[in-house]
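In case you want the letters, here they are:
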Amino acid sequence: MYEPRNTVIVSLEDLKHSSVPFQILEEAFGPSSLGILIVKDLPQRFSRLRHKVLSYASYLANLPTGELDALSRPSAKYLSGWSHGKEALKSGSYDTLKGSYYVNCAFFQGEGVTVPSSVDFPEFTAPNVWPAETSLPGFQVAFEELCTLIIDTAVLVARTCDQYAVAHIEDYEPGYLEQVVKSSMITKARLLHYFPPAASSQSLQATNISPCPPASTARDHDSWCATHIDHGCLTGLTSAIYVDEAAHPPQISMSDRTKPSSTVPALPFLPSAPDPDAGLYIHARDSTVTKVSIPPDCLAFQTGEALQIITGGKFRAVPHFVRAGGAVKDGTRVARNTLAVFTQPGLDEVVDRAKGTTFGEFSREVTRRFG
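Per chain, residues are indexed from 1 in the order of the written sequence. For this predicted model, a pLDDT threshold of at least 70 governs which residues receive local features, and a threshold of 80 or more governs which side-chain atom pairs are given and counted, while totals over whole chains, interfaces and linings are taken from all residues. The side-chain quantities take in all heavy atoms of the structure and omit both hydrogens and water.

Visitor: Help me understand the confidence of the model for the protein in this model?
Guide: Any residue range with low pLDDT should be treated as having predicted coordinates unsuitable for detailed reading. Each residue carries a pLDDT score, the predictor's own confidence in it, on a scale running from 0 to 100. With 84% of its residues at a pLDDT of 70 or more, the protein shows a mean pLDDT of 85. When checking whether two residues touch, look at their non-hydrogen atoms; a contact exists if any pair is within 4.5 Å. Contacts of residues 199–225 to residues separated by more than four positions or lying in other chains number 52 contacts, the stretch itself having pLDDT below 50.

Visitor: I'm lost on the pattern of salt bridges in this one. Help?
Guide: Any two side chains of opposite charge can pair if their charged atoms end up close together. When a carboxyl oxygen of Asp or Glu lies within 4 Å of a side-chain nitrogen of Lys or Arg, that pair is called a salt bridge. Scanning the entire structure with this criterion turns up 10 salt bridges. A salt bridge links Glu123 to Lys77, with the nearest nitrogen and oxygen atoms 3.6 Å apart. Here Glu123, found in helix α5 (residues 122–125), pairs with Lys77, found in the loop between α4 (65–70) and β3 (81–84); they are 46 residues apart in sequence, far enough to count as distant. Relative accessible area decides the class of each residue, using a 1.4 Å probe on protein chains only: under 20% of the type maximum gives buried, over 50% gives exposed, and in between gives partly exposed. Look at Glu123 and you get buried, because its relative accessible area is 9%. A run of DSSP states H or I qualifies as a helix once it reaches four residues; a run of E qualifies as a strand once it reaches two. Both are numbered from the N-terminal end.

Visitor: Would you take a moment to explain the state of the cysteines for this structure?
Guide: Disulfides are covalent bonds that connect the sulfur atoms of two cysteines. Defined by distance alone, a disulfide is two cysteine sulfur atoms within 2.5 Å. Taken as a whole and judged by the stated rule, the model has zero disulfides. Of all cysteine sulfurs, the one in Cys147 lies closest to Cys105, which takes part in no disulfide; the gap is 4.4 Å.

Visitor: How should I be thinking about the sheet that holds strand β11 (residues 320–323) in this particular structure?
Guide: Remark on secondary structure: sheet strands pair via backbone hydrogen bonds, oriented parallel or antiparallel. At least two bridges found by DSSP between two strands is the condition for calling them paired. Strand order in the open sheet formed by three strands is β9-β8-β11, with antiparallel pairing between adjacent strands. Both outer strands of the open sheet, β9 (289–292) and β11, are each paired with one neighbouring strand and no more. Strand-to-strand twist in this sheet, taken as the mean axis angle between neighbours without regard to direction, amounts to 30°. As judged from the four bridges shared by strand β8 (residues 279–283) and β9, these two strands associate in the antiparallel manner. Each residue of the ladder has a partner; that of Leu280, found in β9, is Val292. Interaxial angle, 0 to 180 degrees, is taken between N-to-C directions of lines fitted to C-alpha atoms, where a helix line uses only the stretch in contact.

Visitor: Hey, could you run me through the environment of Gly312 in this one?
Guide: Mapped onto the fold, Gly312 is located in the loop between α10 (305–310) and β11. Sequence-wise, Gly312 and Ala354 are 42 residues apart; in three dimensions their C-alpha atoms are separated by 9.9 Å.

Visitor: Would you explain the pairing of β11 in this entry?
Guide: A regular strand places its side chains so that they alternate between the two faces of the sheet. Going residue by residue along β11, you find His320 and Val322 tucked away on one face and Phe321 and Arg323 tucked away on the opposite face as well. Note that β8 and β11 share four bridges and pair antiparallel. Across the sheet, the residue bridging to Ile282 is His320, located in β11.

Visitor: Can you walk me through the packing of helix α3 (residues 45–61) against helix α6 (residues 139–168) in this structure?
Guide: Helices that pack against each other are described as a pair by the angle of their axes relative to one another and the distance between those axes. It is the contact of α3 with α6, at a shortest axis distance of 9 Å, that shows an interaxial angle of 130°. Here α3 lies oblique to α6, going by the angle between them. Here α3 and α6 pass one another in a crossing that is left-handed. Judged by residue contacts, Arg45, Phe46, Arg48, Leu49, Arg50, Lys52, Val53 and Tyr56 of α3 engage Phe139, Ala142, Phe143, Glu145, Leu146 and Leu149 from α6. All amino acids are sorted into three groups, where Ala, Val, Leu, Ile, Met, Phe, Trp, Tyr, Cys and Pro are nonpolar, Asp, Glu, Lys and Arg are charged, and the leftover types, Gly among them, are polar. For the contact of α3 with α6, the residue count by class is nine nonpolar, no polar and five charged. Just so you know how the angles are binned, under 35 degrees is roughly parallel, over 145 roughly antiparallel, 65 to 115 roughly perpendicular, and the rest oblique. Helix crossings fall into two classes, left-handed where the near helix is turned counterclockwise from the far one by less than a right angle and right-handed where it is turned clockwise.

Visitor: I keep staring at helix α7 (residues 176–183) and nothing clicks. Help me out?
Guide: Taken together, the buried positions of α7 are occupied by Tyr176, Leu177, Glu178, Val180 and Val181. Among the structural elements, α6, α10, β12 (334–343) and β13 (350–352) are those in contact with the buried residues of α7.

Visitor: Help me out: how do you make sense of the packing of aromatic side chains in this one?
Guide: Describing an aromatic ring pair means giving the distance of the ring centres and the angle of the ring planes. Any Phe, Tyr or Trp ring, taking Trp's six-membered ring, that has another such ring centre within 6.5 Å forms a pair; planes under 30 degrees apart are called stacked, those over 60 apart edge-to-face, and the others tilted. Summed over all chains, the structure comprises 16 aromatic pairs. Measuring from centroid to centroid gives 6.1 Å for Phe359 and Phe362, while their planes differ by 45°, and the two rings are tilted. Here the residue Phe359 and the residue Phe362 both occupy positions in helix α11 (residues 359–370), the gap between them amounting to three residues, near one helical turn. Sitting over the ring of Phe269, Arg50 keeps its end group 5.9 Å from the ring centre. To sit over a ring, a charge needs its Lys NZ or Arg CZ within 6 Å of the ring centre and within 35 degrees of the ring normal. In this structure, Arg353 packs its charged tip against the face of Tyr176, placed 4.6 Å from the ring centre.

Visitor: I tried to follow the nonpolar core on my own but got confused; where do I start?
Guide: A general feature of soluble globular proteins is that nonpolar side chains tend to end up buried together. Take the buried residues of types Ala, Val, Leu, Ile, Met, Phe, Trp, Tyr and Cys, join any two whose side-chain atoms come within 4.5 Å, and each joined set is a nonpolar core. Within the largest apolar cluster, 82 residues are counted, with the highest numbers of intra-cluster contacts made by Phe29, Phe143, Val157, Leu177, Leu191 and Leu339. Leave out the neighbours within four places in its chain, and Val157 touches Leu15, Phe29, Leu37, Val39, Leu234 and Phe301. If you look at the next biggest cluster of nonpolar residues, it comprises 17 residues, including Ile36, Val318, Ala340 and Phe342.

Visitor: Sorry if this is basic, but what is going on with the side chain of Asn104 here?
Guide: By the element assignment, Asn104 lies in strand β4 (residues 98–104). Polar contacts involving the side chain of Asn104 include one to the main-chain carbonyl oxygen of Phe124, which spans 3.1 Å. Here Met185 takes part through its backbone oxygen, which lies 3.0 Å from a polar atom of the side chain of Asn104. Every residue in contact with Asn104, bar those within four places of it in the chain, is listed here: Val115, Phe124, Asn128, Met185, Ile186, Thr187 and Lys188. Any pair of nitrogen or oxygen atoms within 3.5 Å is treated as a polar contact; in protein, a donor-acceptor pairing is required on top of that, and neighbouring residues in sequence qualify only through side-chain atoms on both sides.

Now the structure itself:
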């Protein structure tokens, strides 16, 4: 059954001034928590950037097939650039209900910085592939600006976690998590586009994937909702937007494509999800499932498995999944767009000091586990 629970909310100013009480942090990330912290009072530009970048998700997903194919990178295991229909589900089928666009966030380290390539980990180090400016004018600039804002905020959350860890974990290295988040070259962003249900019904039939089940049974039947835990440190999440692509087709005019320094118009979006069951769900440790709502002017940060290891279990990664929503009224084509930024330690960063395990080695273990 679904149980309502309040999420923990802190202000950006409290993070900046290191004034978040330890009890609040335990309620957000501790053993009995939902593993999520909401940050409010963000810079004014956040709402504009969120609207713009999440609108781009619809424009991107509706580019011609040839342009999307050119943005895909099989050599990076489809974890760089555009990915659609490549993610295996528990049923053995492939997820055609959403498309993803992956970007390495090494640009956070400075203009022109790129991650050194690794033959062993192309999914983390493959160069970014951006749409041409004539295809999506202004996309790269807006995307990088929003991701930088999210990582800047994650650094402050990490600093607060460090202060807690120093007080509660023996021999914890002061400033460790902040340094990990701030210096990582493999933090990864994922722009997600859940295709309108009306458009995806044929894909469901073609791939023999069952639609996401009613709320009462979703926790036991999440074949395409994909319950999982993140394996990085902190995952930054925006609230989703819902766009009726029938009323507002995400097509870019030729004049917008050819204007110097052009940006595409942000798309109008619905005030709320047309299906009240759509959204992010978290499996709590008491076997209940909680639907979590992120306010549109806020960011959420979820705990990952690497953070759980780093803190010796003081903070816990929590299983979660997303329901994109069911069919809506005739004549509408409602897509769901959102952005996740996975802050991850460097490949050579030691995450388990007792075993000497690096994040690269830990990632191999995760791959073997879920293979």
